[in-house]
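Notes for the structure review
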Amino acid sequence: MGVISAAGCDTSTFWHNLVAGRSAVAPIRRFDVTAYPSRIAAEVDERDVPALDERWAGRGRIARYAAAAADLAIADANIARAPAWPRAGVVIAAGMGSYTHNEAFVPSALARASQPEFDWSGFTEALRRGLEPFAAERRTPGSIPALIAHQYGLQGPVMTVMTACAGGTQAIGDALRWIRHGRADMVVAGGSDSEIYPMGLASFCLLGALSKRNEAPELASCPFDGQRDGFVIGEGAAVLVLEERDHAVQRGARIYAEVAGFGSSCDAFRVTDPHPDGIGGGLAMTRAIADAGLTPVEIDYITAHGTSTPANDRIETLAIRRVFGDRASLVFISSTKSMIGHATVAAGALEAVACALTLTHQQIHPTINYRTPDPLCDLDYVPNAARTARVETALSNSFAFGGQSASLVFRRECE
Amino acid sequence: MTVTSRRVVITGIGMVSARGNSFAETLSAVDRQERADRRIALFDASGFSASLGAEVLGFDPRPHFRMAKALKLTDRTTQFAVAAAAMALAQAGWPSDETFCERLGVLIGVSGSDLQAPEVARALQSDGEPVPVDQIPVFADRILSRLNPLWLLINLPNMPSAHVAIQFGARGPNSTVMTDWVAGSQAIGEAADWIRGGEADAVLAGGTDTAIQPFALAAFDQAGLLSASPDGRPRFVPGEGAAVLMLEEETHALSRGATVLGDIAGYASASSPVDSRDHALTRTITAALGEAGWRPSDVAQIALASLDGTPLRAREDAAIRAALDECADSVVRVDYQPAVGHALAALGPISLCLAIGGAADSRGILCNAAGYSGQAVTLAVLPRPSSMSAS
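Quick caveat, the model's predicted, so the values are computed rather than measured. (Residues numbered from 1 in each chain as written. Chains lettered and ligands numbered in written order. Predicted model: local features only at pLDDT ≥ 70, side-chain atom pairs only at ≥ 80, totals over all residues.)

Let us look at the interface of chain B and chain A. Taken together, the contact between chain B and chain A spans 79 residues of the former and 75 residues of the latter. Taken together, the elements giving at least two residues each to the side of chain B that touches chain A come down to helix H4 (117–124), helix H5 (136–146), helix H6 (151–155), helix H7 (159–168), strand S5 (174–177), helix H8 (183–196), helix H9 (214–222) and strand S8 (262–271) of chain B. Sort the elements by how many residues they give to the side of chain B that touches chain A and H5 of chain B lands first, with 7 residues. Among the residues making up the side of chain B that touches chain A, the classes are represented as 44 nonpolar, 26 polar and 9 charged. (Contact = placed C-beta atoms within 7 Å. Helix = DSSP H or I, 4+ residues; strand = E, 2+ residues; numbered from the N terminus. Nonpolar A, V, L, I, M, F, W, Y, C, P; charged D, E, K, R; others polar.)

Here is the structure:
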């Protein structure tokens, strides 16, 4: 496993910070945010991102984070250098950022407004002039899995998925299916995103989705707390090497956990709001648990989507109640986003790593900043302090704008 | 593939293309060998080296939306996808029964998003001096006060899949593939796996995209793709459109009396560096054949990924020869790009459907898709021409 996160760029620092309940949220340093209503984020310290192969030169942050996390994961999996891996694939969920700020927006600003119609010729001319060489090719998220595959000689399937905030979870589910269906024996799977750039931050501000608690950044992400006022934007990447069990055992690989089940669904309600009954989230959880051959009674821990928005946390709680019934209050639930913010498309992959480490260490990281109970969020969110507990199975939830929902079930690896 | 007990069939095809606003219209226009390239009418593209494109014309999304309110939250690619999905559902005779919809998935491939350049431009346009967008506070102030607050939701590439699910109540698995130009074909292959593995009984799968937007045209222009060839025509015609297939588990389709238009027999994805001698299409063709249980001689036609006369086509031809050996000579190669333009992630699904529609017999079809970073997808499909003409 490899992570590039605001809580560290190696899995042990990442886990150590999560268990310690350390917030990675701070005022945004990357650009001038004075004009934004939300001015805080959980930023990756780019000095911690390892150097990359030259094929990644000139590529954007999303590609570089993905590449770095893949390098770390492949090193961690201790895959011997081979000229080629005919049955290894790559699936990465990646955010959509493709053009630099100036490429994307200078042409719009230069278009002359004096004309009654939009000044297409002025726009076009500025666009053509401003485009850096190979801009589209270098920055498309669609090329990330192929480049990782080429770097390591992985000759199996490659795919980019983009289910917004459910992407990271979706990619791991897709990798699981490839292995089960015999399309690959080994898959490099994960997610990468960075929406911490001027237009990215603006687009979430416009939706009114972000916390405005600028004066207390480290307290702003408070999932399930009664005072929550929106999510805090995060960024990063996480990549996991998934392997068919016999393949892993035969080469003596260290096994963190089993990816036991996956479930995907859609609210089919509205793109602007989650279904008030949590239909999609409930279906994803139910399907993932059934896919793992389990029943809800057998789930010990949930890494919640837990964004810290008023709607998500209430509706996720409702969906958990629907799936788990009376037993809902007995399941440990925590939100990684309370510490590293919402890393959007990468979130599910980072949370998958957290889940696997929970099973490995038999320790549950807390939901920090939990102070004020919300009567509509009344489950055990492991508030503020980590817990040591027996955790055999873990469920990870991710829900997207648009209603796409995805859940994964992980099972502890017994020696 | 180890999970093969459930077979996947096609029971509906919906299409929006430069040659027509339905599958039937497109098919007959292609039969008449009409070319697609016209002067772009959607906006003034005269600033590019060539302003020709294969544009979808006279498209009205409204009849395809069950809930008209959703329209104002959609961009062109989402509208294409919803329209194509509506037509696929109608042809499949899909009931709107809720239990069926719990097992109806959606998987649409798209290469990205157009950033809604005119919307952003209107927000940044000034009356006097240009807005200094490199000064972030000025930029942010403009965007935050003038841009549609729902810009992101309209723009996210997962919206075609989301809106298709919303319009038709599909609560089965739902995802979006964004592997550049192979995304649409890959969505069809992955959706077939959802059905084979029992995650869904039916999936609306395909691709939607548009290259008729300034950022795509600028990128193609930069790559020299829009420059005229010696005969005066641009080699590359940017296109747009969508094709969505209703994929269904065979017994599910037969038990409700649906007409089967074809069978998804094989799928493979791989990638190879663009400068390597090995081409991933060799591997995907071989693997798709293997999964279908076909010999090279079982292939009657191949829908090609690349345009005649380009280095990409030379590589594709070599890959076909390497995979099919001497059978490569007898296979009919069809290239729908001159007819429908390069509809990016939608080109593969559109080509596949046109190949199915044009099949004279029920022998095998291979459909290739190739991305510009070396990604390759091949689908193997058995057409059923008798039911195609009956429907």
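A few words now on the pairing of strand S6 (residues 186–194) of chain A. Taken residue by residue, a regular strand's side chains alternate between the two faces of the sheet. All names here are of chain A. Where burial is concerned, most of S6 is hidden: 9 out of the 9 residues are buried. Pairing geometry for strand S4 (residues 88–94) and S6, over 7 bridges, is parallel. Across the sheet, the residue bridging to Ala88 is Met186, located in S6. With 9 bridges joining them, S6 and strand S7 (residues 233–243) adopt antiparallel strand pairing. Paired with Gly191 across the strands is Ala238, a residue of S7. (Buried ≥ 20, exposed ≤ 12 C-beta atoms within 10 Å, placed from the backbone. Pairing = 2+ DSSP bridges.)

This next bit is on the packing of helix H11 (residues 279–291) of chain A against helix H12 (residues 310–324) of chain A. All names here are of chain A. At a closest axis distance of 8 Å, the pairing of H11 and H12 adopts a crossing angle of 45°. In terms of axis orientation, H11 runs oblique to H12. Crossing of H11 against H12: the hand is right-handed. On H12, the residues touching Gly281, Gly282, Met285 and Thr286 of H11 are Ile315, Glu316, Ala319, Arg322 and Val323. Across the contact of H11 with H12, the residue classes tally to 4 nonpolar, 3 polar and 2 charged. (Axes fitted to C-alpha atoms, helices over the stretch in contact; angles between N-to-C directions. Parallel < 35°, antiparallel > 145°, perpendicular 65-115°, else oblique. Left-handed = near helix turned anticlockwise from the far one by under 90°.)

This brings us to the nonpolar core. Ala69 and Val187 of chain A together with Ala84 and Leu247 of chain B are the most contacted members of the largest nonpolar core, which totals 301 residues. Setting aside chain neighbours within four positions, we find Ala84 of chain B in contact with Gly14, Met15, Val16, Gly206, Thr208, Ala242, Ala243 and Val244 of chain B. (Core = buried A, V, L, I, M, F, W, Y, C linked by C-beta atoms within 7 Å.)

Here the focus is the pairing of strand S1 (residues 2–5) of chain A. All names here are of chain A. Covered by surrounding structure in S1 are Gly2 and Ile4 together with Val3 and Ser5, the residues of both alternating faces. Here S1 runs beside S7; their pairing, made up of 4 bridges, is antiparallel. When the sheet's bridge partners are listed, Val3 is paired in S7 with Ala238.

You will see that Ser308 of chain A, though not glycine, has its phi angle at about 85°, which is positive. Note on placement: Ser308 of chain A falls in the loop between strand S9 (301–303) and H12.

A few words on the domain arrangement of chain B. Residues and elements named next belong to chain B. On domain assignment, one finds that chain B holds domain 1 (8–116 + 152–255), domain 2 (117–151) and domain 3 (265–390). Computed from C-alpha coordinates alone, the two centres of domain 1 and domain 2 are separated by 30 Å. With 11 residues of domain 1 at the contact, the number on the domain 2 side is 6 residues. The set of elements that each furnish at least two residues to the side of domain 1 that touches domain 2 consists of H6 and H9. Per-element tally for the side of domain 1 that touches domain 2: the top contributor is H6, with 4 residues. (Domains from an automatic or database assignment.)

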